[in-house]
Amino acid sequence: GFGCRILGRRHRGNHSLVASVSITLGNIAQAALWVTMREGSKYVENPYPSRFGISLHYHPELTEADVRAMTQQRAAQIMTAQYWPKGAEALPSCLAVPLLSFAVLDGPVSAVQRLQEALAVHADGEIGAQTVHAAQLPTANDLLEVYFGTCMARLHGSPRWLTDGVGWERRQMR
């Protein structure tokens, strides 16, 4: 598992141990499937065609028919290939789902910058030794709560808040 699999206030189990387990390629694939499950399989047009969190607006290489026929596995492959931040495998495993989820919404560089803000390190959007080290220090619950806060602050300041932010926040609380 991921330790803490979701952001926000509902954490399962005792996660007072330091968040030190690294992410594996298996965790990345699991995280992508988890994110697609939370996005839902329903085809929607709000305002662009999307399914499983993959929107035609951000994927011009796809057609509307591709989006309609999107499978959870294909969406997970796209998320892993296009949104998983470079170097994130070195981070604690409890970050796999929230990091990928925010990267799908706001881009991988922004997702890493929000993490770096949460860790009070230089927010350059690249995962390096300083970011990895800082992410090992807090407990998983503390790390996730602060990361969620920096993501929410970013969304609240965005003109996309009503179309993207409200739904993202609701999904994180599931």
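Keep in mind it's a predicted model, so treat the numbers as computed, not measured.

**What about the side chain of D106?**
Inference 1: Inspection of the secondary structure assignment puts D106 in helix α4 (residues 96-106).
Inference 2: By relative accessible area, D106 is classed as buried at 16%.
Inference 3: Of note is the side chain of D106, whose polar atom sits 2.5 Å from the side chain of S110.

**Observations concerning the environment of A103**
Inference 1: Looking at the element boundaries, A103 is found in helix α4.
Inference 2: Spatially, the C-alpha atom of A103 lies 7.1 Å from that of W84, the residues being 19 residues apart in sequence.
Inference 3: Sequence-distant contacts of A103, that is, excluding residues within four places in its chain, are made with Y83, P108 and A111.

**Focus: the nonpolar core**
Inference 1: M79, L91, L100 and Y147 are the most contacted members of the largest nonpolar core, which totals 47 residues.
Inference 2: Listed by contribution, the elements that provide at least two residues to this core are α1 (25-39), α3 (72-83), α4, α5 (108-119), α6 (129-136) and α7 (140-156).

**With respect to the pattern of salt bridges**
Inference 1: Throughout the structure, instances matching the rule amount to four salt bridges.
Inference 2: Here E45 and R68 are joined by a salt bridge, their closest N and O atoms 3.8 Å apart. With E45 in strand β1 (residues 44-45) and R68 in helix α2 (residues 64-68), this pair connects stretches of sequence that are 23 residues apart.
Inference 3: Classification of R68 by relative accessible area gives partly exposed; the value is 45%.
Inference 4: For E64, the salt bridge is made with R68, and the minimal N-O distance between the two is 3.4 Å. In this pair, E64 and R68 are both assigned in helix α2, four residues apart and thus about one turn of the helix distant.
Inference 5: By relative accessible area, which is 35% here, E64 ends up partly exposed.

**Section: the confidence of the model for the protein chain**
Caution applies to low-pLDDT parts of the model: their predicted coordinates are not meant to be read in detail.
Inference 1: Overall, the predicted model of the protein chain reaches an average pLDDT of 78, with 75% of residues at or above 70.
Inference 2: The spread of mean pLDDT over the elements of the protein chain runs between helix α8 (residues 161-172), the lowest at 62, and α2, the highest at 95.

**With respect to the sheet that holds strand β3 (residues 54-55)**
Strands pair in a sheet through their backbones, by hydrogen bonds, and they do so in one of two ways: parallel or antiparallel.
Inference 1: Spatially, β1-β2-β3 is the arrangement adopted by the three strands of the open sheet, whose pairing is antiparallel. Each end of this open sheet is capped by a strand with a single partner; those strands are β1 and β3.
Inference 2: Note: strand β2 (residues 49-51) against β3, two bridges, orientation antiparallel. Within the sheet, the bridge partner assigned to R51 lies in β3 and is I54.

Rules used in this analysis
- Residues numbered from 1 in each chain as written.
- Predicted model: local features only at pLDDT ≥ 70, side-chain atom pairs only at ≥ 80, totals over all residues.
- Heavy atoms only, no water.
- Helix = DSSP H or I, 4+ residues; strand = E, 2+ residues; numbered from the N terminus.
- Buried < 20%, exposed > 50% of the residue type's maximum accessible area, 1.4 Å probe, protein only.
- Polar contact = N/O pair within 3.5 Å; in protein donor to acceptor, adjacent residues only side chain to side chain.
- Contact = heavy atoms within 4.5 Å.
- Core = buried A, V, L, I, M, F, W, Y, C linked by side-chain atoms within 4.5 Å.
- Salt bridge = Lys/Arg side-chain N within 4 Å of Asp/Glu carboxyl O.
- pLDDT = per-residue confidence, 0-100.
- Pairing = 2+ DSSP bridges.

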